[in-house]
Amino acid sequence: MTQDELKTRVAKAALEYVQAGTIIGVGTGSTANKFIDALATIKDSIRGTVASSEATAERLRAHGIPVLDLNDALAEVRQLSVYIDGADEFDGENNLTKGGGGALTREKIVACASAQFICIVDQSKQVEHLGAFPLPIEVIPMARAYVAGIARELGGDPVLREGFTTDNGNIILDVHGLRITEPDLLEERLNHVPGVVTCGIFSRFSHKGDVVLMGTPDGVERIEA
């Protein structure tokens, strides 16, 4: 079974967590795109969605799925019922690395505004420790050199994502070479650096995966935090 087929399988499994009559959050990336395609089959059962990126909003609208501004959605409901998105890595405690698609800040906002985060991945994303995938950090442009220096002090090798600007008008530093054994502490440390909008660690201080649905050739494995 190909990786693409595994993504399709796990995306369809996530429909189980979509509650009728609610507003849901939808993530960004190739696996989230598979979920959007699956969501289109039940789009009339929900009130709408909140997208974590402009690309996601465009794909949702192309399927005829209503897209709401988060502020408007929260004026109607206290929380979104669920956030469904992929990840670049997840560890044994459902801590995540996200941001390969550059939408980490909006992803984190929508995840934290949701009652539950269902993370959908194929089995290649499972790791013992985060860090094999370069850690994205969204940075205000004038702070690029300063934040890169902090990343080096922490043992990483920061690389500017060339030619890329986030939906928020910022840049991304991808930090290579980290072995993240205490993701909650590193998340807190990086998010307190002036000029950092947020980092791509989803852990205790944000919203790690409440449930990880992992697609395997034998079926979909459910991993609870």
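Everything discussed here concerns the structure shown above.
Residues numbered from 1 in each chain as written. Predicted model: local features only at pLDDT ≥ 70, side-chain atom pairs only at ≥ 80, totals over all residues. Heavy atoms only, no water.

J.: Could you give an account of the packing of helix α1 (residues 3-13) against helix α2 (residues 30-39), with specific residues and numbers?
T.: With their axes 8 Å apart at the nearest point, α1 and α2 run at an angle of 50° to one another. Considering their axes alone, α1 and α2 lie oblique with respect to each other. In the crossing of α1 with α2, the sense of the turn from one axis to the other is right-handed. Residues D4, K7, T8, V10, A11 and K12 of α1 touch α2, and the partners they reach there are S30, T31, K34, F35 and A38. A per-class count over the contact of α1 with α2 returns 4 nonpolar, 3 polar and 4 charged. (Axes fitted to C-alpha atoms, helices over the stretch in contact; angles between N-to-C directions. Helix = DSSP H or I, 4+ residues; strand = E, 2+ residues; numbered from the N terminus. Parallel < 35°, antiparallel > 145°, perpendicular 65-115°, else oblique. Left-handed = near helix turned anticlockwise from the far one by under 90°. Contact = heavy atoms within 4.5 Å. Nonpolar A, V, L, I, M, F, W, Y, C, P; charged D, E, K, R; others polar.)

J.: Residues and numbers for unusual backbone geometry, please.
T.: Negative phi is the rule for most residues except glycine; trans is the rule for most peptide bonds. Residue N94 is not a glycine yet carries a positive backbone phi of 65°. Among the secondary structure elements, N94 is positioned in the loop between β4 (89-90) and β5 (96-97). With a relative accessible area of 0%, N94 lands in the buried category. (Buried < 20%, exposed > 50% of the residue type's maximum accessible area, 1.4 Å probe, protein only.)

J.: Residue-level account of the packing of aromatic side chains, with values.
T.: A complete count under the given rule lists 2 aromatic pairs for this structure. Put simply, the rings of Y83, F117 and F202 pair up and form one aromatic cluster. Sitting above the plane of the F202 ring, K98 keeps its charged end 5.6 Å from the centroid. In this structure, K108 packs its charged tip against the face of F202, placed 5.0 Å from the ring centre. (Phe/Tyr/Trp six-rings, centres within 6.5 Å; stacked < 30°, edge-to-face > 60°. Lys NZ or Arg CZ within 6 Å of the ring centre and 35° of its normal.)

J.: Describe the pairing of strand β7 (residues 135-139), and please don't skip the residues or the numbers.
T.: Most of β7 sits out of view: 5 of its 5 residues are buried. Neither face of β7 is open: one carries L135, I137 and V139, the other P136 and E138, and all of them are buried. Sheet topology places β7 next to strand β10 (residues 196-199); 3 bridges connect them, and they run antiparallel. Bridge assignment links V139 to a residue of β10, and that residue is V196. (Pairing = 2+ DSSP bridges.)

J.: Would you mind going over the environment of L104 in detail, with residue names and values included?
T.: Tracing the sequence through the fold places L104 in helix α5 (residues 104-112). Between the alpha carbons of L104 and K125 there is a distance of 17 Å; along the sequence they are 21 residues apart. Once you skip the residues sitting within four places of it in the chain, L104 turns out to touch K98, G99, P136, I137, E138, I172, T198, C199, G200 and F202.

J.: Run through α1, naming residues and quoting values.
T.: Of the residues making up α1, those classed as buried are L6, K7, V10 and A11. Taken end-on, α1 shows its buried residues confined to a sector of 130°, consistent with a single buried face. Elements in contact with the buried residues of α1: α2, β6 (117-122), β12 (211-216) and β13 (219-224). (Arc of directions from axis to C-beta.)

J.: Quick one: what's the story with the side chain of K108, residue by residue and with numbers?
T.: Structurally, K108 is set in helix α5. A distance of 2.8 Å separates a polar atom in the side chain of K108 from the backbone oxygen of I201. Once you skip the residues sitting within four places of it in the chain, K108 turns out to touch E187, N191, T198, C199, I201, F202 and S206. (Polar contact = N/O pair within 3.5 Å; in protein donor to acceptor, adjacent residues only side chain to side chain.)

J.: Lay out the packing of α2 against helix α3 (residues 54-62) in plain terms, naming residues and giving numbers.
T.: Across the interface, α2 lies against α3 with an axial gap of 10 Å and an inter-helix angle of 25°. If you check the angle between α2 and α3, you find them roughly parallel. In terms of crossing hand, the pair formed by α2 and α3 is right-handed. Side by side, α2 and α3 meet where N33, I36, D37 and L39 of the first sit next to T56, R59 and L60 of the second. In terms of residue class, the contact of α2 with α3 is made up of 3 nonpolar, 2 polar and 2 charged.

J.: Could you give an account of the sheet that holds β5, naming the residues involved and the relevant values?
T.: Pairing is antiparallel across the open sheet formed by 3 strands, whose spatial order is β4-β5-β11. This sheet does not close on itself; its edge strands, each paired only once, are β4 and β11 (201-202). Here β4 pairs with β5 via 2 bridges, running antiparallel. Within the sheet, the bridge partner assigned to F90 lies in β5 and is L96.

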